[in-house]
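Chain and residue survey
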Amino acid sequence: MRAPAGRVADLRAALGRAAGLRSQGRPAEARQLLENLAKAAPKVPDIHLMLWQICSGQGDGTAALSHLRRAAELSGPNPKIWTTLIRELVRAGQKGRARSMAQKAPLSAADKKALAALADEAPQRPTGPGLGGAPEAEVRAVMDDISNKRLVAARAGLEKLLDEHAGSAFVLNLRGVLSMEEGNAAEAENWFRKALVKFGAYPEALQNLGASLLRQSKLDESESALIEAHRLAPESVDIVLALSDVLFRKGSAQSAEEWAARALALDPDNIAALFQVALSRERAQKFQSALEALKEVERRLGRHFDGQAAMARCIAGVEGEEAAIAYLRSIESPSEDVSIELPQQLAYIGRMDEALEALEAHLERYPDHVDGYWLLTQLRKLPVDAPELGKLKSALDSESLTVQQRSSAGYALGKVLGDAGEHAASFAAIAEANRLLRSTVSYSVDEDLQKLQRTSENWTRDVIRKMSAAGDARLHPIFIIGLPRTGSSLTERILARHPQVRALGEDRTAAVVAGRAREPSLDAIRNIVGDGSGAIRAASQGGFSVTDKMLDNFRNVGALAAAFPRARFVHILRDPRSIALSIFQARLRPTGHPFALDLEELGKVYVGYYRLMQHWRETVPDMLVEVSYKDLVSNPEPEIRNLLEKLGLPWDEACLSPEKSEHATRTHSFAQVRQKIHSSSTERWRRYERELEPFTRILTDAGIPLED
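Here the structure is a predicted model, which is why all the values come from computation and not from measurement.

Take the overall build of the chain next. Of regular secondary structure, the chain possesses 37 helices and five strands. A compact globule built from 708 residues would reach a C-alpha radius of gyration of about 27 Å, and the chain, at 28 Å, matches this within 12%. C-alpha atoms of the chain, sized along the principal axes, occupy 85 × 60 × 55 Å. Taken across its 708 residues, the chain has 54% of its residues classed as buried. Nonlocal contacts in the chain, meaning residues at least 24 apart in sequence, comprise 68% of its contacts between residues at least 6 apart. Carbon together with sulfur atoms contributes 49% to the accessible area of the chain, which is approximately 30600 Å² in total. Charged side chains of the chain number 93 positive and 95 negative; the gap between the two group centres comes to 4 Å.

This is how it looks when you write it as structure tokens:
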């Protein structure tokens, strides 16, 4: 007998909410939801499978095995689930029960024989320390209190357990779980480390340690803890997913997708894993395949999944911003991250009045959303007596907010103060935002400079000429390169107005593939021409010139010049002090631009960048087209004529009106590029000359000129 369709939809929605809670690091809430669901629908194996995974992650091995056994019994003749059950029983040291369950399994004779053999295998390294002498009834009572958010009672119970069983790694780990539920990740980290001192081979404690470090934005340490947890428990889907999440936050979209795919291979029905695959693809700009994965998640969960914001971005990438806006407007009662996406998409395509109207509606709905106030400061100037200013100051100083939220408040506050002429206070607020973010990133400026030096040593003129034998001379892409905030978005929009040019935006695929070509080889060039040129090739259909504004390709000029012998590299020259100020004040992604958060590191990277560009001038002089930003904005027509001529493009009057371009701008410059060409910002750095001294001193010591 089948359940009514409405009940099935409700069940799917509830499972989706539980999966969402797990992926957000809220396992106690997910467990409570699922346990209530199991009472209402006791014969649904998916509920018990998810409960098994959550209980395992919480260190509740007894409950985990109970749910896994129930899932196996409800699933019937499913060899995969029965194999998992027998393996987990053996790992838990319950070989007798493993043999008994292997005999009872409703499988074929051959499958039962394989289970029996598995039950007789020697147990692998234990996955947990046991209770360490702590009374099971007291431990269960505490875990029940945590699951039901009775945190005061849980703390009292744990104090008693710790007084009597201070050496129990299980109890120490549970104490850390309580700290996580209380919102104190630093304290939780300390408890998890104490548990690991008592019992090092404890994957649950390592996983929890990784979660506590992640919540503190200690991404490298979190990754290390989770890798060790994975070594101890390679089949834990939760650990694999946690690793994927850390890599995603570090900006390694390809690696994040690979780990999420591993989780999906371990558990093909795992919705959280499929969702993580989709998010990783979206971050890597694989919009079509990401959209397909998101639609599958939506099909399974109905409209109860929390992926509408990612869905909108993928729709924008595949069908265009108008389609994304229509989709966002169709969503009733949008969540915070979905609600903010509508004004952002409108701003990207220059519909600023509509964007501001949508943003004001968003802030009425979510009045404490810090990112909303940051966007507000980009769309209009706020007076220093605006009520929003108090919220921003409080958010910047709040220890209860995440580093990302506090830094967004700092950038927004700095923008308001700077607009009001309070330059020292503005710079101080932004410096604090950058200091907070810098603490979350593991970055060595010396290693970065060594990579730049090796690039110039490896990619000489002769090497590029030899490697070009594997290149494709049919394509003639235009790569816009350099550091951020140099006028590259303006240049892209000028070129996008030309009828023979298509603007590709920032092609991550080409940059990633080219970036792998650290050592010159014909195979590396073939990979760029093959795997890395798909978007360029598609946009070039019809004889168009294609711009790719992935600025970091200044590192990859040698490889790209060999792969595309007819390419041109447009490099914008600007006063380095203007560049430094603009970079330091911009809310750039720290994993992509870690040097942007510290003026001395920014100065050192600028020196390395300057020297590498000198190398390219000597190596591929005919392919490099350089434009003075100051000349471009002060006397546009002759500069644009010269630029088009060097790119082999005929003159077109439309290039003088880049503000009329319908091309979406998804960078920090989305508001500025909607203005007519102007020169008002060329000397803005002088207002901050004293604050920029750490940067300018490094350039002066290195003999780098302070003019463009």
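What follows concerns the nonpolar core. Grouped together as the largest cluster of nonpolar side chains are 152 residues, with contacts concentrated most on L34, I47, W459, I525, I528 and F569. The element that contributes the greatest number of residues to this core is helix α34 (residues 599-619), accounting for nine residues. The residues contacting F569, other than those within four sequence positions of it, are F479, I481, V557, L560, A561, M623, L624 and V625. With 35 residues, the next largest nonpolar core counts L158, F192, L196 and L213 among its residues.

Another point: the confidence of the model for the chain. When pLDDT is averaged along the chain, the result is 88, and 94% of the positions lie at 70 or above. The model gives residues 1-7 a pLDDT under 50, and that stretch makes three contacts with residues more than four places away or in other chains. Segment residues 123-127: pLDDT under 50, and 14 contacts once partners within four positions in sequence are set aside and those in other chains are kept.

Another aspect to go through is helix α18 (residues 308-319). Taking 1.5 Å per residue as the helical rise, α18 with its twelve residues ought to reach 16 Å, and the 15 Å between its terminal C-alpha atoms agrees with that figure. Among the residues of α18, Q308, A309, A310, M311, A312, C314, I315 and A316 are the ones counted as buried. Buried residues along α18 sit in contact with α16 (271-283), α17 (287-301), α19 (321-329) and α20 (336-348). Immediately beyond the C-terminal end of α18, within one or two residues, lies G320, with a positive phi of roughly 110°.

What counts, and where the lines are drawn
- Residues numbered from 1 in each chain as written.
- Predicted model: local features only at pLDDT ≥ 70, side-chain atom pairs only at ≥ 80, totals over all residues.
- Heavy atoms only, no water.
- Helix = DSSP H or I, 4+ residues; strand = E, 2+ residues; numbered from the N terminus.
- Rg over C-alpha atoms; globule rule 2.2 N^0.38 Å.
- Buried < 20%, exposed > 50% of the residue type's maximum accessible area, 1.4 Å probe, protein only.
- Contact = heavy atoms within 4.5 Å.
- Areas by Shrake-Rupley, 256 points an atom, 1.4 Å probe, with all protein chains shown as cover.
- Lys, Arg positive; Asp, Glu negative; His and termini not counted.
- Charge placed at Lys NZ, Arg CZ, Asp CG, Glu CD.
- Core = buried A, V, L, I, M, F, W, Y, C linked by side-chain atoms within 4.5 Å.
- pLDDT = per-residue confidence, 0-100.
- Expected span 1.5 Å × (residues − 1).

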